[in-house]
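Examination of the molecular architecture
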Amino acid sequence: MLRSPNPALWWVIGGGIVFLGLVLYIPVLRHLFRFSFLHFEDLLVSLVSGVFSILWFEVLKIWRQQKIRV
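Right, let's walk through the structure included here.

Focus on the overall build of the chain
Of regular secondary structure, the chain possesses three helices and zero strands. Listing every helix and strand of the chain by position from the N terminus yields α-α-α. Against the globule reference of 11 Å for 70 residues, the chain gives a C-alpha radius of gyration of 17 Å, more extended than a compact globule. Its C-alpha atoms give the chain principal-axis dimensions of about 55 × 25 × 15 Å. In the chain, which comprises 70 residues, the proportion classed as buried is 4%. Accessible surface, the chain: about 6600 Å² in total, of which carbon and sulfur atoms supply 74%.

Rendered as structure tokens:
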């Protein structure tokens with residue numbers, strides 16, 4: 001996914017992060033969507049679990065490609 005350039009992917013990811021940040025930290029939007037304030041530890045857990053889930057799937061894809069070649 002990250003090997004081929006895809007500007008649309010980065011626009012979607014960036015827009016999603018900006019929108020989520022606005023919704024989580026602007027009180028009117030947070031109340032509208034009925035979200036709670038996230039502390040640093042909450043964000044860290046979310047970030048680490050997201051990165052871990054992407055990495056293990058990429059490792060699985062590489063492992064399957066190597067298995068097919070043999």
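Description of a nonpolar patch on the surface
Where nonpolar side chains cluster on the molecular surface, the patch consists of Phe19, Leu20, Leu32, Phe33 and Phe35 and spans about 520 Å² of accessible area. Within the secondary structure layout, Leu20 lies in helix α1 (residues 7–25).

Regarding the packing of aromatic side chains
Taken as a whole and assessed by the stated rule, the structure comprises four aromatic pairs. Between Phe33 and Phe35, the aromatic rings sit 6.1 Å apart at their centres with planes inclined by 20°, giving stacked as the arrangement. Using a relative accessible area of 39% as the deciding quantity, one classes Phe33 as partly exposed. For the pair Trp56 and Phe57, a centre-to-centre distance of 6.0 Å together with 85° between the ring planes defines the contact as edge-to-face. These aromatic residues form a ring-pair network of at least three members: Phe19, Phe33 and Phe35.

Re the environment of Leu47
With respect to the helices and strands, Leu47 occurs in helix α3 (residues 40–69). Relative accessible area serves as the criterion here: at 55%, Leu47 is assigned to the exposed category. As for Leu47 and Arg3, which are separated by 44 residues in sequence, their C-alpha atoms are 21 Å apart.

Let's talk about the pattern of salt bridges
Summed over all chains, the structure comprises one salt bridge. The partner of Lys61 in a salt bridge is Glu58, with the nearest N and O atoms 3.2 Å apart. One end of the pair, Lys61, and the other, Glu58, are both in helix α3, three residues apart, so they sit about a helical turn from each other. Residue Glu58 is classed as partly exposed on the basis of its relative accessible area of 24%.

The rules behind these values
- Residues numbered from 1 in each chain as written.
- Predicted model: local features only at pLDDT ≥ 70, side-chain atom pairs only at ≥ 80, totals over all residues.
- Heavy atoms only, no water.
- Helix = DSSP H or I, 4+ residues; strand = E, 2+ residues; numbered from the N terminus.
- Rg over C-alpha atoms; globule rule 2.2 N^0.38 Å.
- Buried < 20%, exposed > 50% of the residue type's maximum accessible area, 1.4 Å probe, protein only.
- Areas by Shrake-Rupley, 256 points an atom, 1.4 Å probe, with all protein chains shown as cover.
- Patch = residues over 30% accessible without salt bridge, like charges linked within 9 Å, V, L, I, M, F, W, Y side chains within 5 Å.
- Salt bridge = Lys/Arg side-chain N within 4 Å of Asp/Glu carboxyl O.
- Phe/Tyr/Trp six-rings, centres within 6.5 Å; stacked < 30°, edge-to-face > 60°.

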